Amino acid sequence: MIGIGLTYSYLSTSEKQEKTNYIFTNGCFNIEIYHETNSIEITGAYPITDVEGLKKDGYKFTIKNNCSKPAIYEINLETKSDPGNSNTLNSEYVRVSLSGDTFDNILTKLSENKKTIASGNNSYEAYNLYTGELDAGKTKEFHLREWLDYEATKEAAGKVYKTSINVVAVSNKDGGIKKEIKTDIDSGKMKGKLTGSASNVKYCITKTNECEPDQDIAIQSGGISLDWQIDNNTSLCTKVDNGITYCSEVIFDTNPPTIPNVLLVDGKIKFEGSTDTEGEVRYFYSLGCTGKYTEGTEVAIDESGKVCVYAQDNAGNKSPEVQRSIDVVAAVTKPAQDSYYCSDTSKHQNDP
């Protein structure tokens, strides 16, 4: 069990998790939890929207099946607060998000999840957030977030709710959720990878709370690709074959970096000068503009006489790709210059 001791309250109180690593076994089944990040700690909690909740750091952990055969496992959230105590927050006001390396955030009120047996020490109730199957020797990553639901009323003021994660290996159930989707931004488009066969995907876009997907999107090559004017502070919610609704991570940065500068310095081609709203960019170049790109900030001149380059930020946004010719003669005839721009071939691809 991994304790996440949370205190939800309008009062400025909180309880921090004591990190532990346990291994749960059931016959041959063996699940190990590791790679934990800092625990969730909430102080002065107040009701917020789902989009605001998805901005929280939350709690990340990885499980591994150390057995020689596939394992069925459950991820349960157990309550450490006595529901019979008048100071305990009602579970319907606890908003929970769980995502994994193959699926986007599943958002629920804790009370909406199926109750199961609480097996942790000093636990009162347990809610099953996810059931899956893990092949022998494989790992799977998860990200848990919790916050006070947007619809919480004055009834929640001054009350507390403590929880802990419990990952249990089981042998008498199936793998549960089969149809999943994981989305990300790629070249200005929202793309999603599907797990399991699917015949229909619907989507909606929200800036506040989880929305009901109602617009069809085509499935192509086992995934989706949505070309839309992405706004900051939005989440894309999708539903696969009218099953579970998944909501993407909140989109913060949709602005592409500026076009990079290409310079000659000491016989090398260097790339610099691209700026981005998030402050960090990476450069990708193709000598001879062959279409094969390598990441780097400099490269030796080759005989092709030209290079194509673009910049990319951490969110996956790309600058326009540009082609530059390398004026080697200029490098010899202008020794007084430490660096200068390569000549422009006037063939700017997507150059504004």
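Figured I'd write up the structure that's included with this text. Not measured: the values here are computed from a predicted model. (Residues numbered from 1 in each chain as written. Predicted model: local features only at pLDDT ≥ 70, side-chain atom pairs only at ≥ 80, totals over all residues. Heavy atoms only, no water.)

Observations regarding the sheet that holds strand β13 (residues 189-195)
Under the convention used in this document: By definition, two strands form a pair when at least two bridges between them are found by DSSP. The helix and strand labels rest on DSSP assignments: H or I over at least four residues marks a helix, E over at least two residues marks a strand, and numbering proceeds from the N terminus. Note on method: axes are straight lines fitted to C-alpha atoms, helices fitted across the in-contact stretch only, with angles between N-to-C directions ranging 0 to 180 degrees.
Strand order in this open sheet of 3 strands is β12-β13-β16, and the pairing throughout is antiparallel. The outermost strands of the open sheet, each flanked by one partner alone, are β12 (180-186) and β16 (223-226). Strand-to-strand twist in this sheet, taken as the mean axis angle between neighbours without regard to direction, amounts to 20°. With 7 bridges joining them, β12 and β13 adopt antiparallel strand pairing. Within β13, the residue paired with T183 across the bridge is G192.

A few points about the state of the cysteines
What makes a disulfide is a covalent bond joining the sulfur atoms belonging to two cysteines. Spelled out, the test is: In this description, a disulfide is simply a cysteine sulfur pair whose atoms lie within 2.5 Å. The buried label goes to any residue with under 20% of its type's maximum accessible area, the exposed label to any with over 50%, and the partly exposed label to all in between, with areas taken from a 1.4 Å probe on protein chains only.
The final tally for this structure, using the stated rule, is 3 disulfides. The disulfide bridge from C204 ends at C211, spanning 2.0 Å between sulfur atoms. Judged by the sign of its S-S torsion, about 95°, the bond between C204 and C211 is right-handed. C211 matches C204 in its accessibility class, with the two residues each being buried.

A word on the packing of aromatic side chains
So the rule is basically this: Between rings of Phe, Tyr and Trp, where Trp is taken as its six-membered ring, a pair exists when centres lie within 6.5 Å; planes separated by under 30 degrees are stacked, by over 60 edge-to-face, and by other angles tilted.
Counted by the stated rule, this structure contains 11 aromatic pairs. Geometrically, the ring pair formed by F61 and F142 is stacked, given 5.5 Å between the ring centres and 20° between the ring planes. Placement of the pair is F61 in strand β4 (residues 59-65) and F142 in strand β10 (residues 139-148), with a sequence separation of 81 residues. Classification of F61 as buried rests on a relative accessible area of 1%. Since its relative accessible area comes to 3%, F142 is described here as buried. Considering the side-chain rings of Y73 and F142, the 6.2 Å spacing of their centres and the 75° angle between planes classify their relative orientation as edge-to-face. Note that Y73 is positioned in strand β5 (residues 71-79) and F142 in strand β10, a separation of 69 residues in sequence.

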